[in-house]
Structure formats: C-alpha cells, structure tokens
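# Breakdown of the fold
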Amino acid sequence: MKNLKIASLLLVAAVALTGCSKQKSAATGWNYNDPEWGGFEVSQYNEQITAPGLVFIEGGAFTMGRVSDDSRYQWNNVAHNVTVSSFYMDETEVTNQMYREYVYWMRRAYGEEYPERVRAIYPDTNCWRDKLAWREGFVDYYFQSPIYDLYPVVGVTWEQAQKYCIWRTDRVNEKILVDKGIIVLDLTDLRGETAFQTDVYLAGQYRGESKNELDNLDPSAGGEPRQVRREDGILVPHYRLPTEAEWEFAALGMVGNTYDERIVEHKTYPWAGTSVRSANKKYYGQFLANFKRSRGDAMGVAGNLNDGWDYTCPACPVKWYFPNDYGLYNMAGNVSEWCMDVYRKDQNPVGGEDQNPFRGNVYRTPTYIDEEIAINDTTGSIIYKNVDDDLNRRNYRQADNINYLDGDYASNIYDYTNNSSITEWVNNSDEDEDGGANMGEENILSNPDSVTNMMYRRNVANQRNVTSLLSNKVRVVKGGSWNDRAYWMQAGTRRFYEQDRSTSWIGFRCAMDRLGPRAGK
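Residues numbered from 1 in each chain as written. Predicted model: local features only at pLDDT ≥ 70, side-chain atom pairs only at ≥ 80, totals over all residues. Heavy atoms only, no water.

### Here's the deal with the overall build of the chain
A count of helical and extended segments in the chain gives 10 helices and 20 strands. Taking contacts inside the chain between residues at least 6 apart in sequence as the whole, the part at least 24 apart equals 66%. (Helix = DSSP H or I, 4+ residues; strand = E, 2+ residues; numbered from the N terminus. Contact = heavy atoms within 4.5 Å.)

Here it is as structure tokens:
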C-alpha cells in the first residue's frame, strides 16, 4: 500500500509538470501559445461560467404537449417526443427593478439625442386598465413604486423583451472585461454609439477605451496587444428568450422525476401530482401557484387567503411558492411568459425537427462596407441583412424560414429536401379574381411574408388588414398567470399573443445556450 501511494504521488506530480510545459499540437507537434512557433493560441478557459441570474437546465428527451384531455378542444398541443439540449434559464421572472435598471441605462445613453429609443422600451402601464374594473393604482405605481420592485414586470411586448436580452448580454460581458482589467468603465459621458456592445466589440469596432488588452502572440503583430476574441472563451453567449420546447421542458423539471433513465411519472404541472394544492403535511391544501380559483375568487376570503395574491406576487428574493426540481420559481402562475417561437397550431408538423424544435428562424449576417462591418451611426450597433444571397445549400434555401412546413402556399409548392418544384404552374403571374397575383416560385421564396398575407388575409378585394392567427407576428405564450384558472397551470398548455402588444398578465424570463458538456455533473 505504501508503494502504491508513492506511485500515485509520482503520477500526480508528472501530470502537474506536464500541464506546466508547452502545449503541443496533436496534429503537427508544434507548440501552442508560443511566438517562436507561429503563436497559435489555445485558451485555458474550457468551462462556461454561469451568468448572473441563471440556473443550469440539464437537457434530455421528454414528451412535449398535453398528456391529459384537452378540455378546450383546441388540439394545438398534441403529445410528441422531442429532445432539448442543456441550457440556462432565469431562476425567476424579470422584475420591475431589473427592467427599470435597463430603462435608466438607456435613458442615460440615448435620452438626450434619441429620446424616442427610450420611449419605445417603457412598459405600457395602461395595460392594467379594464373598462369595468378599477386598477388606476397599478397604472400609476406598479412599475415605478419600490413596493413593487421585486414583482414581475408586465406590459412588455415580445419585441421589448428581445431588446432587453440584448442589453443584458452587453452589460454582463462588459462587466467581465472590466473585472479582468481589459477595458475601462467610464460612464461620465455615456453615449449610445460608444457604449459597449458585445457583437461590435467582437467585430473589432469597439469605440470605447481599452486598458490591459491581451498579449498578441502572433509574431507579425509586432508586439501590439489584441482584444478578446470568441476563441478566448471569456465572454458569455447571448441572453435570449427561451424556445417553447425549452420553456416546457424546464417547467416540468423532469430531472427530479427519473430513475435509471426512466421517467417514473409524466408531470402535468411543475410539481408532482395532479392537483394544484400541496400534499405536504406541513402545507397541506395550500395552493402551489398564484392563479384565479374561480370567477370572483382571485385570492380566497379574509383570514384564509388561498394563494395570498389577487394580482402578481413577488418573484424574488422572497419566493412565495416552491421551486420545481430545477430550482425555477413561478413556472406556473403569477405571469405567463413570452417564448421565442412564432405560433402555429401544429407545433410538430410532419417532417419537423425532433431535436431542439423551434419555429422562427430568420438567418442574418453582418453588412460589410469596404471590407469592414457596417455600424449604425445612431445606435452604434451592427447593421445586419438577411442571408438570401446564400442559396447554394441543402440545409436551407432562404433566410426567412418561419413558414416552412406550416401548410401555407410556399411550403407546399417547394420541396426543400430534393431542391425541386412540386407543381408546374407556380411560374404563372396572372392575377386572380381578388386582385392578387399567382406569385412565381422566385417571388414566393424571396417574399414569404407576402405569401402568408396572400393565403390568410380575408376580404382581400376590400384591402382590410384582417388576418388569421397564422400571422408571423404572433408569438407563443406559455404558463398560466394570476388572471387564469387552474387549466392554464399545466405546462403543456399553450396560447399566443401579438409580438408588438402587451398585457398585464404576460412577463418574461431569459435563457442562454449551454456550450460544451451537457451533463450537470
């Protein structure tokens, strides 16, 4: 045993010494991170940090959709099996305090020169109003009063939530670089066009002041330092809204309901069982979410409030309801939440993806001017364009793929798998009886929104802007709210809302990609 321990110590010492020596390429034998051998750099950062506010969600396979009777007979969430990759998600909904920090920063950066940009991100506090209810106290105080700091922000559109995610990404990555002494944090004269933006920085167009940049090991650089690159592994990926599949998977918290790679019981709610009341002896009979029990009963009777809240409840730091097995709070009740997906009734079309499914892909790429990435002088952000000029591919043929396999005209006339036309007559351009044109194949592929409008607009001849629910501006909303009955607490239920509108019962939380290993341990 003594000899075995000595041998183990020697082995550990040998590994440690090896780690301190120059890393070598397994392909060429050349040294890494060595200017004498070309200076090819290999980062020592090989683990993604958990960014502020996020919880790790270990992915896997699960049954998406409803597994109980559809009492509303909508049939828009038929059960099907999918796999969701591991990712990160906010522990709680984004609060008024978090969102006010965003408004404050934007007001400092853009309020003087571009006040319209600040006005565009304010929550719509008038969303609380109802023609037959008194809620003026919420209109005046819900977003501004410190009493509601830790309550979920509402009155925020899907588009506003998207912009918040971008801003949050920039502030988190900016702090990482400041903490490492790479850039200087100088907010005395904050201007939007010079403020730190992650994509602008990575594109080499950052206009702020650098401090201790990284050593450049490339011999041709002449000893000049360099900015951080993606290859360094220092910056975190973008915050974003979760996909519908991610949201439902995270809400169910299957990680606490499996044994030996078997799902013991499919959950209906974020908690175990088929009731919205607690079975724990200490809390027996108490509601597990903030919702409306029945018409006229939003919180119970005085002296025995059933869930304690008539409208929203605090999201943090005091958690009023139990978390699910991932440690996420209010995945049922309180407020419903925006998802990234464009809404379609059939969430699993024939030929659809069964791994990380998502509808809403519009592929973009930076615009270049004189071989430099173009920057918007007003906002200081990168100017993007759709990748419609990148058509010589097999995995996609256009930038906007929102309508793909959704049953509309464009999806039916073109076979993306075989790159061939299915019908003969699509090249006709004669006008139809309603004044619309039979669009040719090229026009259809380049104008998917026009096709959707042509297929689903009613009374085209009268030019009324009335469309069906298949508009590309309608997004998926998941989870029940304070204004909903128990039916909507079920993780598999789904509905929709226009992306440019807001309401008092919809909030949001952010998500982030997990890079590298998928297992939590």
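After that view, the rundown keeps rolling.
### Re the nonpolar core
Tyr-99, Trp-128, Leu-177 and Phe-508 are the most contacted members of the largest nonpolar core, which totals 60 residues. Non-local contacts of Leu-177, meaning those with residues more than four positions away in its chain, are made with Ile-182, Ile-183, Phe-196, Tyr-201, Val-228, Ile-234 and Leu-235. Ranked by size, the runner-up nonpolar core spans 24 residues in total, among them Ile-57, Phe-62, Ala-251 and Leu-252. (Core = buried A, V, L, I, M, F, W, Y, C linked by side-chain atoms within 4.5 Å. Buried < 20%, exposed > 50% of the residue type's maximum accessible area, 1.4 Å probe, protein only.)

### With respect to the sheet that holds strand E5 (residues 239-240)
If you trace the four strands from one edge of the open sheet to the other, you get E1-E4-E20-E5, paired in antiparallel fashion. One side of each edge strand has no neighbouring strand; the edge strands of this open sheet are strand E1 (54-57) and E5. As judged from the two bridges shared by E5 and strand E20 (residues 511-513), these two strands associate in the antiparallel manner. The residue bridging Tyr-239 from the neighbouring strand is Met-512, located in E20. (Pairing = 2+ DSSP bridges.)

### Here's the deal with helix H7 (residues 244-252)
Three- or four-residue spacings in an α-helix give side chains the same orientation, since the helix completes a turn every 3.6 residues. The element H7 is largely enclosed, with a buried count of nine among its nine residues. Those residues of H7 that fall on the buried side of the exposure criterion are Glu-244, Ala-245, Glu-246, Trp-247, Glu-248, Phe-249, Ala-250, Ala-251 and Leu-252. Following H7 by one or two positions, Gly-253 has its phi on the positive side, about 55 degrees.

### Brief notes about the side chain of Gln-227
Structurally, Gln-227 can be placed in the loop between helix H6 (198-202) and E5. A relative accessible area of 19% places Gln-227 in the buried class. Residues within four places of Gln-227 in sequence aside, it is in contact with Tyr-201, Gly-204, Tyr-206, Glu-213 and Asp-232.

### Quick notes on the sheet that holds strand E10 (residues 336-342)
With mixed pairing, the four strands of this open sheet are ordered in space as E18-E17-E10-E19. The open sheet has two edge strands with one neighbour each: strand E18 (494-498) and strand E19 (506-507). One ladder, built from three bridges, connects E10 with strand E17 (residues 474-478); its direction is antiparallel. Within the sheet, the bridge partner assigned to Trp-338 lies in E17 and is Val-477. Helix H5 (residues 158-179) contacts E10 and E17 of the sheet and is inclined by roughly 85 degrees relative to E10. (Axes fitted to C-alpha atoms, helices over the stretch in contact; angles between N-to-C directions.)

### Quick look at the pattern of salt bridges
The tally for this structure, following the rule as stated, stands at 20 salt bridges. Among the salt bridges present, the one from Arg-129 reaches Glu-136, with a minimum N-O distance of 3.0 Å. Its salt-bridge partner being Asp-406, residue Arg-344 comes within 2.9 Å of it at the nearest N-O pair. Of this pair, Arg-344 sits in the loop between E10 and strand E11 (364-366) while Asp-406 sits in the loop between strand E14 (384-386) and helix H8 (409-413), and the two are 62 residues apart along the sequence. Each of the two residues, Arg-344 as well as Asp-406, counts as buried. Here the salt bridges share partners, and the residues they tie into one network are Glu-41, Arg-226, Arg-229 and Asp-232. (Salt bridge = Lys/Arg side-chain N within 4 Å of Asp/Glu carboxyl O.)

### Some words on the packing of aromatic side chains
In the structure shown here, the tally under the stated rule is 35 aromatic pairs. Relative to Phe-249, the ring of Phe-62 lies with its centre 5.2 Å away and its plane at 70 degrees, an arrangement referred to as edge-to-face. Taken as a pair, Phe-62 in strand E2 (residues 60-64) and Phe-249 in helix H7 lie far apart in primary sequence, 187 residues in all. Here Phe-62 and Phe-249 have matching classes, each one buried. (Phe/Tyr/Trp six-rings, centres within 6.5 Å; stacked < 30°, edge-to-face > 60°.)

### What about unusual backbone geometry?
Its identity as a non-glycine residue notwithstanding, Asn-33 has a phi of 55 degrees, on the positive side. Within the element layout of this structure, Asn-33 appears in the loop between helix H1 (2-20) and E1. According to the relative accessible area criterion, Asn-33 is partly exposed, its value standing at 22%. The phi torsion at Asp-370 lies on the positive side, around 55 degrees, for a residue other than glycine.

### Side note on the environment of Pro-314
Relative to the assigned elements, Pro-314 resides in the loop between strand E9 (304-305) and E10. A relative accessible area of 10% means that Pro-314 is categorised as buried. Residues Pro-314 and Glu-93, spaced 221 residues apart in sequence, show a C-alpha to C-alpha distance of 9.5 Å.

### Focus on H5
Its 22 residues give H5 an end-to-end C-alpha distance of 32 Å, which sits within 8% of 32 Å, the value for a rise of 1.5 Å per residue. Where H5 ends, the next residue or the one after it, Gly-181, has phi of about 75 degrees, a positive value. (Expected span 1.5 Å × (residues − 1).)

### Remarks on the state of the cysteines
One pass over the structure, following the stated rule, counts zero disulfides. Unpaired in terms of disulfides, Cys-510 finds its nearest cysteine sulfur in Cys-165, a separation of 3.7 Å. Cys-510 sits in the buried class, given a relative accessible area of 0%. (Disulfide = S-S within 2.5 Å.)

### Some thoughts on the confidence of the model for the chain
In this model, the chain carries an average pLDDT of 83, and 81% of its residues clear a pLDDT of 70 or more. Considering each helix and strand of the chain separately, the mean pLDDT is smallest for strand E16 (residues 420-421), with a value of 40, and largest for E5, with 98. Low pLDDT, under 50, characterises residues 6-20; the stretch is placed with zero contacts to residues that sit more than four places away or in other chains. (pLDDT = per-residue confidence, 0-100.)

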